[in-house]
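Chains, contacts and geometry: an overview
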Amino acid sequence: MLLLLLLQVLVSCLWLGHGELVKSFESSCPQFFFHETPPSEALEPENPAWICQNYKNQYYFATLYDRNRRIPVYSAYLYQPGPGKRPRTWLVEPQLLGSVYPKTMEKEWTLLKYYNVSLEQLSKSQAVLQDYKNLTGLNRGHLNPNGHHHDSSSRTATFTLTNIVPQDEKLNGGAWNNYEQQTMIRRTQGCNTTYVVVGAVPGNNYIAKGRVNKPSHIWSSACCEVDNNHRKAWGVIAENDKNEVQLLTLGELEDVLTELYGRDQVSLFDSDCPRE
C-alpha cells in the first residue's frame, strides 16, 4: 500500500507544470477567453472546480465545474471546426479525486484498475458513466461540442463527463444542433478568432437518484474578432425541455442570465466585446 502511494506521488511530481485543477483560469489557461478574461463570479457555484481540460499533455478548453450538482457551469473554447470522426470513448477527471492523481483526463477503468480507486470514490467528485445510463427523453449533451474542433485529440478532449449535462434529446438533436452546426458557420463568416463560452443554468430536477442536476436552460455566447478594430458578438439560450433556441445580443443574454441566476450582473466577456 505504501509503495502504491509513493508511486502515485511520483506520478504526480512528473506531471507538475501540466496542472488540470487550477486556482484561476487567468494564470493557467487564459488563452480560451477573449482578452484573457473569464466570465464574472456571478456564475460560480457553491463548490466550484476550475479545470484546464488536459488531454495528452495539452490544454484544449476550460471548464468551471459544479462539484455538488456534478455538471459543468460553463466551458470556454476557441471555435475551430474541421472534418473528423465523432469519438466514442468517454473520459473523467482524475484531479477531482485529489492532487496525487493524473492531471490529464482518463477512462474510468484506467483509474479503477491502475490507481486503486473505487467507483464510489470517483462518483463523489463528479458524474460517472452509470449516471447517464437508461435515460428517458434525455441525452448526454456536450457543452463544448466535438464538431467545433479540428483534429482527433481536440475532439476526444470534449468527451469528458465534466463537459456533459442531461439535455433534452429533441433539443440536443434538433434546434441546438442546428445552432451548433449551421448558425455558427453563418455567424462566424469573416471571423479570424471566435471565443465561445457555453453553459447550463442549474434546474430543480435531477437524474441518477438525485446525483446529477438537469439544467433548466442551456446557453451559448460568442465573441468574434474580425480584425484588430472590429468585433461582433451574439448569444443564444434554450429551455431544456423545448426544441427551441432564442437568438440574442450578448447584452441580452447576460441580462437573462443575471435574472436566472439571481446574483450580481453576469458578464461573459471582456468589455471590449460588443453587447448590442
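See above for the structure.
Keep in mind that what you see is a predicted model, and the values were worked out from it rather than measured. For every chain, the first residue of the written sequence is number 1, and numbering continues from 1 along that sequence. Residues qualify for local features only when their pLDDT is at least 70, as the model is predicted, and side-chain atom pairs are given and counted only at 80 or more; totals for whole chains, interfaces and linings, by contrast, use all residues. Side-chain measures were taken over the full set of non-hydrogen atoms in the model, leaving aside hydrogen atoms and water.

**Thoughts on the overall build of the chain**
Runs of E in the DSSP output that reach at least two residues are strands. Runs of H or I that reach at least four are helices, and both are numbered from the N terminus. Scanning the chain for helices and strands turns up 8 helices and 12 strands. What the globule rule says is 2.2 Å times the number of residues to the power 0.38, and the radius of gyration is computed from C-alpha atoms. A compact globule built from 276 residues should have a C-alpha radius of gyration of about 19 Å, and the chain, at 18 Å, falls within 12% of that. Using a 1.4 Å probe on the protein chains alone, a residue whose accessible area is under 20% of its type maximum counts as buried, one over 50% counts as exposed, and one in between counts as partly exposed. Classification of the 276 residues of the chain by burial places 54% in the buried group. We call two residues contacting when some pair of their heavy atoms lies within 4.5 Å. Across the chain, the fraction of contacts at a sequence separation of at least 24, relative to all contacts at a separation of at least 6, is 65%. With residues, only the protein chains shown are counted as cover, and all accessible areas are computed by Shrake-Rupley using a 1.4 Å probe. As displayed, the chain has an accessible area near 13000 Å², and 47% of this comes from carbon and sulfur atoms.

**Describing the pairing of strand E2 (residues 48-55)**
In terms of burial, E2 is a largely internal element, 7 of the 8 residues being buried. Any two strands with at least two DSSP-identified bridges between them are counted as paired. One ladder, built from 2 bridges, connects strand E1 (residues 21-22) with E2; its direction is antiparallel. Bridging across to E2, Leu21 finds its partner in Ile51. Relative to strand E3 (residues 58-66), E2 runs antiparallel, the two sharing 8 bridges.

**What to know about helix H8 (residues 250-261)**
Over its 12 residues, H8 runs 16 Å from end to end, which matches the ideal 16 Å to within 8%, given 1.5 Å per residue. If you check which residues of H8 are buried, you get Leu250, Gly251, Leu253, Glu254, Leu257, Thr258 and Tyr261. One side of H8 carries all its buried residues, which in axial view fall inside an arc of 160°. Check the buried side of H8 and you find it contacts strand E4 (71-78), strand E7 (193-201), strand E10 (217-227), strand E11 (230-239) and strand E12 (246-248). Just beyond H8, the residue with positive phi is Gly262, at close to 70°. Any helix carries an expected span of 1.5 Å times its number of residues minus one. Here the arc refers to the set of directions running from the helix axis out to each C-beta atom.

**Some words on the nonpolar core**
Nonpolar side chains in soluble globular proteins tend to be buried together. The biggest cluster of nonpolar side chains holds 46 residues, and the ones touching the most others in it are Trp176, Val196 and Ile218. Put simply, the parts of the chain that give this core at least two residues each are E2, E3, E4, strand E6 (164-168), helix H7 (175-187), E7, E10 and E11. Examining the composition of this core, we find that 4 residues originate from one element, H7, more than from any other. If we ignore the near neighbours within four places in the chain, the residues touching Val196 are Ser75, Ala76, Tyr77, Tyr79, Met184, Ser220, Ser221, Ala222 and Phe269. Membership of the second largest hydrophobic core comes to 31 residues, among which are Tyr195, Val201, Val266 and Cys273. Put simply, buried Ala, Val, Leu, Ile, Met, Phe, Trp, Tyr and Cys residues joined by side-chain atoms within 4.5 Å make one nonpolar core.

**Topic: the sheet that holds E4**
An order of E1-E2-E3-E4-E7-E10-E11-E12 is seen for the 8 strands of this open sheet, with the pairing classed as antiparallel. Of all strands in the sheet, those bounded by a partner on one side alone are E1 and E12. Where H7 meets the sheet, it contacts E7, E10, E11 and E12, and its direction lies at approximately 170° from that of E11. Running at roughly 40° to E11, H8 makes contact with E4, E7, E10, E11 and E12 of the sheet. Here, axes are lines fitted to C-alpha atoms. For helices the fit covers the stretch in contact, and angles between N-to-C directions go from 0 to 180 degrees.

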